[in-house]
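An overview of the molecular structure
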Amino acid sequence: MIRKVLLPLGLAAGVAGGVLFSAGSASAATFVPGGVYPSLQACADAGNAGFPQHRWVGWHCDPLGYGQYELWVQPTY
């Protein structure tokens, strides 16, 4: 009975520890939210506007529904 309880708990603790250990500081490959826009075109315009300002090195837009899009940017650190 004890083995049936301790084995899953040990496995869960190992997985949680691995997640915490692997979660380091943000790197240049990490995308972060950059804003919500009322259309795909507005989101793309905002994404492209950051390049000349050297605010980020990459971006993409994800649909949120109801015609809104979230901009995700890859900042320069």
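**Structural notes on unusual backbone geometry**
- You will see that H54, though not glycine, has its phi angle at about 60°, which is positive.
- Relative to the assigned elements, H54 resides in the loop between α2 (40–49) and β2 (56–65).
- A residue is classified by how much of its surface remains accessible, and H54, at 63% relative accessible area, is exposed.
- Its identity as a non-glycine residue notwithstanding, Y66 has a phi of 55°, on the positive side.
- Position of Y66 relative to the elements: it lies in the loop between β2 and β3 (68–75).
- Judged by its relative accessible area of 88%, Y66 falls in the exposed class.

**Describing the sheet that holds β3**
- On the basis of which strands lie adjacent, the open sheet formed by 3 strands has the order β1-β3-β2 and antiparallel pairing. With one partner strand each, in any of the chains shown, β1 (32–37) and β2 form the two edges of the open sheet. The sheet shows a mean angle of 25° between the axes of neighbouring strands, direction not considered.

**Let's talk about the side chain of E70**
- Following the sequence through the fold, E70 ends up in strand β3.
- For the buried residue E70, which engages in no salt bridge, the nearest side chain bearing the opposite charge is R55, 14 Å off.
- Side-chain polar atoms of E70 contact the side chain of W72, separated by 3.4 Å.
- Excluding residues that lie within four positions of it along the chain, E70 makes contacts with P33, G35, V36, C43, H60, C61, D62 and L64.

**As for the pairing of β2**
- Bridge count between β2 and β3: 8 bridges; the pairing is antiparallel. Considered in β3, the bridge of G65 is made with Q68.

**Observations concerning the pairing of β3**
- Direction of pairing for β1 relative to β3: antiparallel, over a ladder of 5 bridges. By the bridge assignment, P33 is partnered in β3 with W72.
- Adjacent in sequence and paired antiparallel, β2 and β3 are bridged by 2 residues, among which Y66 carries a positive phi angle near 55°.

How each quantity is defined
Residues numbered from 1 in each chain as written. Predicted model: local features only at pLDDT ≥ 70, side-chain atom pairs only at ≥ 80, totals over all residues. Heavy atoms only, no water. Helix = DSSP H or I, 4+ residues; strand = E, 2+ residues; numbered from the N terminus. Buried < 20%, exposed > 50% of the residue type's maximum accessible area, 1.4 Å probe, protein only. Pairing = 2+ DSSP bridges. Axes fitted to C-alpha atoms, helices over the stretch in contact; angles between N-to-C directions. Lys, Arg positive; Asp, Glu negative; His and termini not counted. Salt bridge = Lys/Arg side-chain N within 4 Å of Asp/Glu carboxyl O. Polar contact = N/O pair within 3.5 Å; in protein donor to acceptor, adjacent residues only side chain to side chain. Contact = heavy atoms within 4.5 Å.

Spatial relationships are all this shows, so hold off on functional conclusions.
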